[in-house]
Amino acid sequence: MPAFAVPARRLLVPAFVVAGTMLVGACSPQAGASTEQAAFKVNGEPVSEHQLELVLPRAAIGDSDAQSQAANRDAVAGLVQASLAAQAARQAGLDRDPRTVQMIEAAQREVLAHAYEERLAGTAVEPSSDEIDQFYEAHPAWFAQRRLVWLQEAVLPLPAARIDALKARLQAATTPDKTMDALRVEGVPLNARQFALQPEETPQALLDGLAPLRVGQSLVLPQEGGVRVLTVLQAQSAAVSRAAAVKQIAAVIRGERRRKAIERGLAALQQQARVEYIGRSMQWSAAAASAPVQR
């Protein structure tokens, strides 16, 4: 089963934000604890079930019950320690320290921003069966024609004028050893490594270039300052049926739609907003205005 690459944009709260939410709750009276069921109390101060739920880890596939229980115990122990430290911080007056106040405000801003992003993401439409079919058919190298390919990569500095001659020698090379001999003829230093290529994590253009190659054949990729040569060492069919790929395809489409929904929502907010740059932020205002919104 292929492990699909997730779009490179965070949709989950980063670790420092989780810590920030704990800081917000810890440096002030336990908000909501009086109306929610308490999970436990620390020096008489309740910690709610909701706050506990935020720190409990999700069980990983393959984890035993004993492992899950141990992870939960660690989470509870960590929350108890954080509560004790927060109580000590308040007693020491750190909740009034200007830097601490700024950190709390920053954490609160980030948590609220994430909550709004999640609301925007929730407007994304679930993929239909037809859309899943179209995605499956549009990516044969990921599914119906999927191959696991082991490659030898060689990178060497080479002037552009000598690349055609190298390609001609590589076409005559039928084994990885002969490929290396053809590369050494250039008389320049080269770096080589071997690795397994995952189709779903590979750019489509590269997949298209590798698709017709048999074992021993090479793909020459000119790049700045030289050339990159990929030689097929081994290839194995690993086709994935439509039925087996449904959940993964739906997750990819859903993730992309959530990302776009967030981008559209934030772009609309930015267009309606009036931002005033003051002091040293003015020197970055032009860059901030032209750069895409990234969170």
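Note: the structure precedes this text.
What comes next is a walk through the structure. From a predicted model like this one, the values you see are computed outputs, not experimental measurements.

Before going further, it helps to examine the packing of helix α5 (residues 129-138) against helix α9 (residues 242-272). At a minimum axis separation of 9 Å, α5 and α9 run at an interaxial angle of 100°. Classified by the angle between their axes, α5 and α9 sit roughly perpendicular to one another. Contact residues: S129, E131, I132, D133, F135 and Y136 in α5; R242, A245, V246, I249, A250, V252, I253 and R257 in α9. In terms of residue class, the contact of α5 with α9 is made up of 9 nonpolar, 1 polar and 4 charged.

On to the packing of helix α6 (residues 163-172) against helix α7 (residues 176-184), then. One can describe the packing of α6 onto α7 by two numbers: an axis separation of 9 Å at closest approach and a directional angle of 155°. Between α6 and α7, the interaxial angle falls into the category roughly antiparallel. Crossing of α6 against α7: the hand is right-handed. For the pair α6 and α7, contact is made by L166, R169 and L170 and by T179, A182 and L183, respectively. Looking at side-chain class alone, the contact of α6 with α7 contains 4 nonpolar, 1 polar and 1 charged residues.

Judged by nonpolar contacts, the single largest core of 23 residues is most densely connected at F135, F143, L151, L210 and I249. Broken down by secondary-structure element, the contributors of at least two residues to this core are α5, β3 (147-156), β4 (191-197), α8 (204-210), β6 (226-237) and α9. Here this core gets 5 residues from one element, more than from any other, and that element is α9.

Before going further, it helps to spend a moment on the packing of aromatic side chains. The way to describe two aromatic rings as a pair is by their centre distance and the angle between their planes. Here the structure, examined in full by the defined rule, presents 4 aromatic pairs. Between F135 and W142 the ring centres are 5.9 Å apart and the planes differ by 55°, which places this aromatic pair in the tilted class. Judged by its relative accessible area of 15%, F135 falls in the buried class. On the numbers, 5.0 Å between centres and 25° between planes, the contact of Y136 with F143 is stacked. Comparing Y136 with F143, the two get one shared label, buried. Feature note: the residues F135, Y136, W142 and F143 constitute an aromatic cluster, connected by ring pairs. Positioned above the aromatic ring of F195 is the side chain of R193, whose terminal nitrogen or guanidinium carbon lies 4.2 Å from the ring centre.

So, on to the pattern of salt bridges. One pass over the structure, following the stated rule, counts 16 salt bridges. In this structure, the salt-bridge partner of R162 is E186, at a minimum N-O distance of 2.5 Å. Here E186 lies in the loop between α7 and β4 and R162 lies in the loop between β3 and α6, a separation of 24 residues in the sequence. When its relative accessible area of 33% is taken as the criterion, R162 is described as partly exposed. Each of E256, R259, K260 and E263 takes part in one network of salt bridges that share partners.

With that settled, consider the environment of Q217. With respect to the secondary-structure elements, Q217 resides in the loop between α8 and β5 (218-223). When the C-alpha atoms of Q217 and L233 are compared, they prove to be 8.4 Å apart, with 16 residues separating the residues in sequence. With residues near it in sequence (within four places) discarded, Q217 still touches P212, L230, T231 and V232. Side-chain polar atoms of Q217 contact the backbone nitrogen of R214, separated by 2.7 Å.

Taking strand neighbours across the sheet as the criterion, the 4 strands line up as β4-β3-β6-β5 in an open arrangement whose pairing is antiparallel. With partners counted over all chains shown, the strands left at the sheet margins are β4 and β5, one partner each. Taken over all neighbouring pairs, the strand axes of this sheet differ in orientation by 20° on average, direction set aside. Note: β3 against β6, 10 bridges, orientation antiparallel. Across the sheet, the residue bridging to V155 is R228, located in β6.

Criteria and cut-off values
- Residues numbered from 1 in each chain as written.
- Predicted model: local features only at pLDDT ≥ 70, side-chain atom pairs only at ≥ 80, totals over all residues.
- Heavy atoms only, no water.
- Axes fitted to C-alpha atoms, helices over the stretch in contact; angles between N-to-C directions.
- Helix = DSSP H or I, 4+ residues; strand = E, 2+ residues; numbered from the N terminus.
- Parallel < 35°, antiparallel > 145°, perpendicular 65-115°, else oblique.
- Contact = heavy atoms within 4.5 Å.
- Nonpolar A, V, L, I, M, F, W, Y, C, P; charged D, E, K, R; others polar.
- Left-handed = near helix turned anticlockwise from the far one by under 90°.
- Core = buried A, V, L, I, M, F, W, Y, C linked by side-chain atoms within 4.5 Å.
- Buried < 20%, exposed > 50% of the residue type's maximum accessible area, 1.4 Å probe, protein only.
- Phe/Tyr/Trp six-rings, centres within 6.5 Å; stacked < 30°, edge-to-face > 60°.
- Lys NZ or Arg CZ within 6 Å of the ring centre and 35° of its normal.
- Salt bridge = Lys/Arg side-chain N within 4 Å of Asp/Glu carboxyl O.
- Polar contact = N/O pair within 3.5 Å; in protein donor to acceptor, adjacent residues only side chain to side chain.
- Pairing = 2+ DSSP bridges.

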